[in-house]
Amino acid sequence: MTTLRLRSARLAWLWCLLYTAPVRPDLRDRRRDELLSHLWESEAAGVQGIRLLSAALRGVLADLSWSVRRGWRHAVGQPETWVAVAAMFPIAAWIGAMVSSSHGVDLVGGLGGPFFLTVSGATWARRRKG
Amino acid sequence: MLLPLEESVLEVGMHRAHRGEPDFHGFALADELDEGHRSLTAHGTLYKVLDRLEGRGLLVSRWETDEEYAGGRPRRRLYRVTADAATALARSRELTRVPAFAPGIATT
């Protein structure tokens, strides 16, 4: 295996580990196993390193959009996501209060947190039920 | 309507089915799609298209069985076109066909 081919394959694999990280475990494992097979077949077929690198780089945007779509759907179903969103409201209200004296900022900060904690609880209950 | 690459994937899959080799894996598909070209289809684009076609019921996939698996290499994910693929491909081509210029038809 040439150095460039080896490095290209490693880069493609590392990138795959990265963009599949937020995705649901079954989809993540499937994509990783498929790419591992693809890289192995590329090596067995003697694909040039530069072609391998090019195939990996040109697919980055498609990888990202797949990851965001699949990852986002996965994240929506996780209670931890909504706890994180809820935690942002008091922080946003605190920052908002420093730059504005409007009561609207306090209201949004005061209501947003409990609302998303409720969403988190509902997501947790749904996951437990399902 | 299908994207050009989606049409090409279904076309390759249907040709393979006609040849009596209906199952194909990602690399074999990329290799066949790019026959005569200098660059391989991008990994991300290829697997996203396969994912989308499977979601639309135009492809089915499975991992190699123990009988098919030769060992000494990672297991392959095998795809094949479904019965709906030919209809979807024909319909997509019908929709994308550029209408022929026919003088005198247009009225003002």
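Predicted model, so just to flag it, every value in this text is computed and none were measured.

1. Topic: the interface of chain B and chain A
Often the size quoted for an interface is simply the accessible area lost on bringing the parts together.
Link 1 in the chain: Of the residues lining the interface, 27 residues belong to chain B; the matching set on chain A comes to 27 residues.
Link 2 in the chain: Buried surface at the junction of chain B and chain A, both sides included, amounts to about 2300 Å², of which 56% is carbon and sulfur.
Link 3 in the chain: The largest share of the area that chain B buries against chain A comes from Phe27(B), His43(B) and Tyr47(B), three residues that together contribute 30% of it.
Link 4 in the chain: Per element, the largest residue contribution to the side of chain B that touches chain A is eight residues, and it comes from helix H3 (residues 43–55) of chain B.
Link 5 in the chain: In terms of residue class, the side of chain B that touches chain A is made up of nine nonpolar, 10 polar and eight charged.

2. Observations concerning the packing of aromatic side chains
All names here are of chain A.
Link 1 in the chain: Scanning the entire structure with this criterion turns up six aromatic pairs over all chains.
Link 2 in the chain: Relative to Trp-66, the ring of Tyr-19 lies with its centre 6.0 Å away and its plane at 85 degrees, an arrangement referred to as edge-to-face. Remark: Trp-66 occurs in helix H4 (residues 60–76) and Tyr-19 occurs in helix H1 (residues 3–19); sequence separation between them is 47 residues. Each member of the pair, Tyr-19 together with Trp-66, is buried.

3. Things to note about helix H4 (residues 84–96) of chain B
Residues and elements named next belong to chain B.
Link 1 in the chain: The end-to-end C-alpha distance of H4, which contains 13 residues, comes to 18 Å, matching closely the 18 Å that a straight helix rising 1.5 Å per residue would cover.
Link 2 in the chain: What H4 keeps buried is the set Ala-85, Ala-88, Leu-89 and Ser-92. Each buried residue of H4 sits inside an arc of 100 degrees when the element is viewed along its axis, so together they form one side.
Link 3 in the chain: Next to the buried residues of H4 lie helix H1 (4–18) and strand S2 (77–81).

4. Re the packing of helix H2 (residues 25–44) of chain A against helix H2 (residues 26–33) of chain B
Link 1 in the chain: Close contact between H2(A) and H2(B) brings their axes to 8 Å; oriented N to C, the two are set at 55 degrees. Classified by the angle between their axes, H2(A) and H2(B) sit oblique to one another. Residues His38(A), Glu41(A) and Ser42(A) of H2(A) form the contact with H2(B), whose own contacting residues are Gly26(B), Phe27(B) and Ala30(B).

5. Some words on the pattern of salt bridges
Link 1 in the chain: Counted according to the given criterion, the structure contains 18 salt bridges over all chains.
Link 2 in the chain: Taking the shortest distance from any N to any O, the salt bridge between Asp63(A) and Arg31(A) comes out at 3.6 Å. Of the two residues, Asp63(A) sits in helix H4 while Arg31(A) sits in helix H2, which places them 32 residues apart along the sequence.
Link 3 in the chain: Among the residues examined, Asp63(A) registers a relative accessible area of 3% and is labelled buried.
Link 4 in the chain: Salt-bridge contacts for Glu6(B) lead to Arg52(B); the nearest nitrogen and oxygen are separated by 2.7 Å. Remark: Arg52(B) occurs in helix H3 and Glu6(B) occurs in helix H1; sequence separation between them is 46 residues.

6. Describing the confidence of the model for chain B
Link 1 in the chain: Mean pLDDT over chain B: 88, with 86% of residues reaching 70 or higher.
Link 2 in the chain: Taken over the whole predicted complex, pTM reads 0.73, whereas the ipTM for its chain interfaces reads 0.83.

7. Let's talk about the domain arrangement of chain A
Residue and element names in this part refer to chain A.
Link 1 in the chain: For chain A, the assigned domains read domain 1 (1–75) and domain 2 (76–130).
Link 2 in the chain: For domain 1 versus domain 2, the separation of C-alpha centres amounts to 35 Å.
Link 3 in the chain: For the pairing of domain 1 and domain 2, the buried interface totals around 360 Å² over both sides, and the portion due to carbon and sulfur atoms is 51%.
Link 4 in the chain: Area buried by domain 1 at its contact with domain 2 is led by Trp-72, His-74 and Ala-75, which between them contribute 92% of it.
Link 5 in the chain: Between the two partners, domain 1 and domain 2, sit zero salt bridges.
Link 6 in the chain: If you look at where domain 1 meets domain 2, you find zero residue pairs in polar contact (both at pLDDT 80 or more).
Link 7 in the chain: Per-class residue counts for the side of domain 1 that touches domain 2 are two nonpolar, one polar and one charged.

Criteria and thresholds
Each chain has its residues counted from 1, running along the sequence as written. The order in which chains are written sets their letters, starting at A; the order in which ligands are written sets their numbers, starting at 1. Restriction of local features to residues with pLDDT of at least 70 applies here, the model being predicted, together with a cutoff of 80 or more for giving and counting side-chain atom pairs; totals for whole chains, interfaces and linings are based on all residues. Think of the side-chain values as coming from all heavy atoms in the structure, minus any hydrogens and water. Should any heavy atoms of two residues lie within 4.5 Å, those residues are considered in contact. The term buried area refers to how much accessible surface (probe radius 1.4 Å) is lost by two components on association, counted for both of them together. Secondary structure is summarised from DSSP: a helix means a run of H or I of at least four residues, a strand means a run of E of at least two, and numbering begins at the N terminus for each. Classes in brief: Ala, Val, Leu, Ile, Met, Phe, Trp, Tyr, Cys and Pro nonpolar; Asp, Glu, Lys and Arg charged; the others, Gly included, polar. Whether two aromatic rings pair depends on their centres lying within 6.5 Å, for rings of Phe, Tyr and Trp, where Trp uses its six-membered ring; planes under 30 degrees apart make the pair stacked, over 60 edge-to-face, and the rest tilted. Exposure is judged per residue with a 1.4 Å probe applied to protein chains only, and the accessible area is read against the type maximum: over 50% gives exposed, under 20% gives buried, and values in between give partly exposed. Residue count minus one, scaled by 1.5 Å, sets the expected span of a helix. The arc refers to the directions leading from the helix axis to the C-beta atoms. Note on geometry: axes are C-alpha line fits, over the in-contact stretch for helices, and angles between N-to-C directions span 0 to 180 degrees. For this classification, under 35 degrees means roughly parallel, over 145 means roughly antiparallel, 65 to 115 means roughly perpendicular, and everything else is oblique. Here a salt bridge means any side-chain nitrogen of Lys or Arg lying within 4 Å of a carboxyl oxygen belonging to Asp or Glu. Values of pLDDT, which run from 0 to 100, indicate the predictor's confidence residue by residue. Bear in mind that the domain bounds are from an automatic or database domain assignment. Think of a polar contact as two N or O atoms within 3.5 Å of one another; within protein, one of them needs to be a possible hydrogen donor and the other a possible acceptor, and neighboring residues in sequence only count if both atoms come from side chains.

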